[in-house]
Amino acid sequence: MESNPAAMKTMVDDLYDFRDHYFEKNPIEKAIHKTDDVKKELQKVLKSLDDAKGSIESKSEYLLLRGRALNILPEYSPEALDCLSKAVKLDPKLVEAWNHLGECYWKKKDIENAKNCFTGALNYSKNKVSLRSLSMVLRQLGGTPEERTKFMEESVRHIKEAVQLDFSDGTSWFIAGNTYLSLFFASGQSPAIMKQCLGAYSKAEKDPVAKSNPDLHFNRAALYRFQEDYQSALAGYERALALDPVWNEPQEKRKDLIAFLWRVSELVRLKGKLKAKKLHQMTSTLTESDLGPYAGGSYTGGNKETVRLLPCSLLDLAEGKNPERVVCGKVVCSITLDEPIPFTFAIVDSKGTCHAVNLYNIAQGQGVIIGDTIAIPEPNMQKNDFTVDDKHINYHSIRVSSPVFLVVNRRKLGSDKQAPTRLKISTMSE
């Protein structure tokens, strides 16, 4: 076999092509074998590099090739780190070596050294890999809220530059999606940023390499769950699991979500499992005065604008937002979760109708209890009706984005009950 540097570089490039385009050449059922297949190809490449060592004059080039090959696997390789460290010492202008060295440090969870590597690469060449990698690293930095905001702004700037350099690169779009996802929760949950996030993931999916990345489907599934698009969330977890069958988290998240939906569906159907007499006692006392500041047909908000609010029953709600309407009911149960996002409870109104309520951005330890009277202005109602794993999920829910919109026992909740939602995203393959 030819053993000149160009041939060896092609061999290492082909190794990455084998990994990144695996599912274009193999059925999804072979996903369980992907890592082992990549390891077999890696051993072939390493043997060829060993055989060619004497014929490659540039030691830094040889170390780069070997380091790149060893860095092919998802786990940290000390040998790859050693090769790439030596390569950049011999030739500090090897941008590709800096990028792979930064990735090694990232896998090692050495964030500061990873940042230094990507910054060092950019000193020699403005390139998409360094820019998007630096964007990814910066999101992990910052102790104070001010520092985190500063690093987030830098992260957004770098990923925008990376995308500008190559609009067709799905990996850059994937990292852009993760960046906007982090920004969404860090800056007030703006619908415009949510749209940018989903748009970036959609563009990433057009690239076969990014489309085969289980992280893309996993992170987007988490976002769909937050949006309460449960069927899309379940499909995302299923796709992530199919692409990486040994990764337990997608399976656990899917299982937890189904358990949550089934539990809510059953508790709404059974109206919190309360006996009919108890339920009647609770709901028969509901009057318009339970609307608190929302009573009287209108409400003046903090911006001094007067909003018309007419009481209506849960049955009268249309799907989606119901402007100029307010509903009232008694809490009949709450649903505890390992992850307190959202805080979910169920209410029954004076007509005996039961809906679930998903309350977001509430401070830990706050919430409502059975027997509390709740008023919700301009409720955003959703119908959930589908079957998954032989379980028929069927209930109506109301989404409340902040506790400050609620009236509990005739009193409006204050901002002290509010806390920003944090959503963990996977950076396994970033």
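Residues numbered from 1 in each chain as written. Predicted model: local features only at pLDDT ≥ 70, side-chain atom pairs only at ≥ 80, totals over all residues. Heavy atoms only, no water.

A. Structural context of the overall build of the protein. Helix and strand counts for the protein come out as 16 helices and twelve strands. Dimensions of the protein along its principal axes, counting C-alpha atoms only, are 90 × 45 × 30 Å. Split into buried and exposed, the 430 residues of the protein put 49% on the buried side. Only carbon and sulfur atoms are counted for the fraction: they give 50% of the accessible area of the protein, which is about 21000 Å². When the 60 positive and 56 negative side-chain charges of the protein are each reduced to one mean point, those points stand 5 Å apart. (Helix = DSSP H or I, 4+ residues; strand = E, 2+ residues; numbered from the N terminus. Buried < 20%, exposed > 50% of the residue type's maximum accessible area, 1.4 Å probe, protein only. Areas by Shrake-Rupley, 256 points an atom, 1.4 Å probe, with all protein chains shown as cover. Lys, Arg positive; Asp, Glu negative; His and termini not counted. Charge placed at Lys NZ, Arg CZ, Asp CG, Glu CD.)

B. View of the pattern of salt bridges. Per the stated rule, a full pass over the model turns up 25 salt bridges. Linking K44 and E41 is a salt bridge whose minimum nitrogen-to-oxygen distance equals 3.1 Å. Here K44 pairs with E41, and both are found in helix α3 (residues 34-52), just three residues apart, close to one helical turn. K321 is paired through a salt bridge with E378; the nearest N and O atoms lie 4.0 Å apart. You can see K321 sitting in strand β4 (residues 320-321) and its partner E378 sitting in the loop between β8 (373-377) and β9 (380-388), a full 57 residues away along the chain. Its relative accessible area of 25% is what places E378 among the partly exposed residues. (Salt bridge = Lys/Arg side-chain N within 4 Å of Asp/Glu carboxyl O.)

C. Focus on the state of the cysteines. Under the counting rule described, the total for this entry stands at zero disulfides. With no disulfide of its own, C117 lies 8.7 Å from the sulfur of C104, the closest cysteine sulfur. For C117, a relative accessible area of 4% translates into the label buried. (Disulfide = S-S within 2.5 Å.)

D. Seen up close, the environment of G367. Topologically, G367 is positioned in the loop between β7 (354-359) and β8. For G367 and K417, which are 50 residues apart along the polypeptide, the C-alpha to C-alpha distance reads 8.2 Å. Setting aside residues up to four positions removed in sequence, G367 forms contacts with F343 and I362. (Contact = heavy atoms within 4.5 Å.)

E. Highlighting the nonpolar core. Among the nonpolar cores identified, the biggest contains 70 residues, and L49 and L101 are the most heavily contacted of them. Here the element with the most residues in this core is helix α10 (residues 170-186); it accounts for nine residues. Each residue touching L101, except ones within four places of it in the same chain, is listed here: L81, L84, S85, V88 and C117. Core analysis: the next-biggest nonpolar cluster, separate from the first, contains 30 residues, F218, W247, L267 and V268 among them. (Core = buried A, V, L, I, M, F, W, Y, C linked by side-chain atoms within 4.5 Å.)

F. Seen up close, unusual backbone geometry. Notably, E228 is not glycine yet its phi reads approximately 65°, a positive angle. Positionally, E228 belongs in the loop between α13 (214-226) and α14 (230-243). Phi is positive for D390, which is not a glycine, with a value near 65°. Structurally, the position occupied by D390 is in the loop between β9 and β10 (391-400). Of the residues examined, D390 reaches a relative accessible area of 79% and is grouped as exposed.

G. Here's a closer look at the side chain of N127. Looking at where N127 falls in the secondary structure, it is placed in the loop between α7 (111-124) and α8 (128-138). Exposure remark for N127: the relative accessible area of 13% places this residue in the buried category. Of the polar contacts made by the side chain of N127, one reaches the backbone nitrogen of V129; its length is 3.3 Å. Residues contacting N127, with those up to four places away along its chain left out, are V95, N99, A121, L122 and L165. (Polar contact = N/O pair within 3.5 Å; in protein donor to acceptor, adjacent residues only side chain to side chain.)

H. Up close: the packing of helix α11 (residues 191-204) against α13. Where α11 contacts α13, the axes come no closer than 11 Å and their chain directions differ by 150°. It follows that α11 is roughly antiparallel to α13 by the angle criterion. Read as a crossing pair, α11 and α13 show a hand that is left-handed. Within the contact between the two elements, α11 uses M194, C197, L198, Y201, S202 and A204 and α13 uses L216, N219, R220, L223, Y224 and F226. Its residues assigned to classes, the contact of α11 with α13 shows nine nonpolar, two polar and one charged. (Axes fitted to C-alpha atoms, helices over the stretch in contact; angles between N-to-C directions. Parallel < 35°, antiparallel > 145°, perpendicular 65-115°, else oblique. Left-handed = near helix turned anticlockwise from the far one by under 90°. Nonpolar A, V, L, I, M, F, W, Y, C, P; charged D, E, K, R; others polar.)

I. The arrangement of the pairing of β7 in detail. Of all the six residues making up β7, six are buried; the element is thus mostly covered by neighbouring parts of the structure. Alternating positions in β7 separate into two faces, C354, A356 and N358 on one and H355, V357 and L359 on the other, with burial throughout. Relative to β7, strand β6 (residues 343-348) is paired through six bridges, and the arrangement is antiparallel. The residue bridging I347 from the neighbouring strand is H355, located in β7. (Pairing = 2+ DSSP bridges.)

J. The arrangement of helix α1 (residues 5-20) in detail. Between the first and last C-alpha of α1 there are 23 Å, a value that for 16 residues agrees with the 22 Å anticipated at 1.5 Å per step. Of all the positions in α1, only A7, M8, M11, V12, L15 and Y16 are classed as buried. Of the surrounding secondary structure, the elements contacted by the buried residues of α1 are α3, α4 (59-70) and α6 (95-107). (Expected span 1.5 Å × (residues − 1).)

K. Looking closely at the packing of aromatic side chains. In total, this model carries twelve aromatic pairs according to the counting rule given. Taking the centre distance of 5.9 Å and the plane angle of 65° together, the rings of F167 and W173 count as edge-to-face. Its end group placed over the ring of F151, K150 keeps NZ or CZ at 4.7 Å from the ring centre. One Lys or Arg, K203, reaches over the ring of W173 and ends 5.1 Å from the middle of that ring. (Phe/Tyr/Trp six-rings, centres within 6.5 Å; stacked < 30°, edge-to-face > 60°. Lys NZ or Arg CZ within 6 Å of the ring centre and 35° of its normal.)

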